[in-house]
Amino acid sequence: MNVVHDFILGNSSEQIEKRKGWEVNFIEFFLYRGGRIVDPLGRKDLTTEGYGFRLKGAYRLFELLVTGKIDDPSYKWFSDHVDFMYNFSVGSSDSDINEEHRYQDFLLVIKN
């Protein structure tokens, strides 16, 4: 791999799979994403689209809606240390419109 050629300039080689994408989120609660994955050898060419939900954003949304400061120490600890994420996406191939890949994941994060 050539760092300048492959990463900085964004050129392809037989060892590099290109991934490009974007994301829009609302208070880190709802996330909407899109992108593309391209393999220069032609094994993979997918357009992706999906969404996700995140518990950390639900904490923020709750705190915006509640008037006054939340003084409960257990809520403070939980919101600072526990996060849960759900993601879903669909990848479709430009070369085969009948081929569709669905991905979903759940992620639990506990920070110390």
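Before reading on, note that the structure itself is shown above.
Conventions and cut-offs
- Residues numbered from 1 in each chain as written.
- Predicted model: local features only at pLDDT ≥ 70, side-chain atom pairs only at ≥ 80, totals over all residues.
- Heavy atoms only, no water.
- Helix = DSSP H or I, 4+ residues; strand = E, 2+ residues; numbered from the N terminus.
- Buried < 20%, exposed > 50% of the residue type's maximum accessible area, 1.4 Å probe, protein only.
- Contact = heavy atoms within 4.5 Å.
- Salt bridge = Lys/Arg side-chain N within 4 Å of Asp/Glu carboxyl O.
- Axes fitted to C-alpha atoms, helices over the stretch in contact; angles between N-to-C directions.
- Parallel < 35°, antiparallel > 145°, perpendicular 65-115°, else oblique.
- Nonpolar A, V, L, I, M, F, W, Y, C, P; charged D, E, K, R; others polar.
- Pairing = 2+ DSSP bridges.

S.K.: What am I meant to see in the overall build of the protein chain here?
M.R.: Along its length, the protein chain carries 3 helices and 5 strands. When the helices and strands of the protein chain are listed from N to C terminus, the series reads α-β-β-β-α-α-β-β. When the 112 residues of the protein chain are sorted by exposure, 22% land in the buried category. Restricting to contacts in the protein chain with at least 6 residues of sequence separation, those with at least 24 account for 40%.

S.K.: Would you take a moment to explain the pattern of salt bridges for this structure?
M.R.: Proximity of charged atoms lets side chains of opposite charge pair with each other. Tallied over the entire structure, the rule returns 6 salt bridges. Linking R60 and E28 is a salt bridge whose minimum nitrogen-to-oxygen distance equals 2.6 Å. Taken as a pair, R60 in helix α2 (residues 55-65) and E28 in the loop between β1 (18-26) and β2 (30-38) lie far apart in primary sequence, 32 residues in all.

S.K.: What is the right way to read the packing of α2 against helix α3 (residues 73-81) from this model?
M.R.: Packed helices, taken two at a time, are described by their axes: the angle between them and the distance between them. Contact pair α2 / α3: the axes reach a minimum separation of 9 Å and the direction vectors enclose 140°. With respect to α3, the element α2 is oriented oblique. Along the contact surface, α2 presents L55, Y59, F62 and E63, while α3 presents Y75, F78 and S79. Across the contact of α2 with α3, the residue classes tally to 5 nonpolar, 1 polar and 1 charged.

S.K.: Whenever I open this one, the sheet that holds β1 confuses me. Can you help?
M.R.: Consider a sheet: its strands pair through backbone hydrogen bonds, and that pairing is either parallel or antiparallel. Taken together, 5 strands build an open sheet; the order of strands is β1-β2-β3-β4-β5 and the sheet is antiparallel. The two strands at the open ends of the sheet, each matched to only one other strand, are β1 and β5 (100-110). Recorded for the sheet is a direction-independent mean angle of 15° between the axes of neighbouring strands. Both β2 and strand β3 (residues 45-54) contribute to a ladder of 9 bridges, which runs antiparallel. The partner of R33 across the bridge, within β3, is G50.

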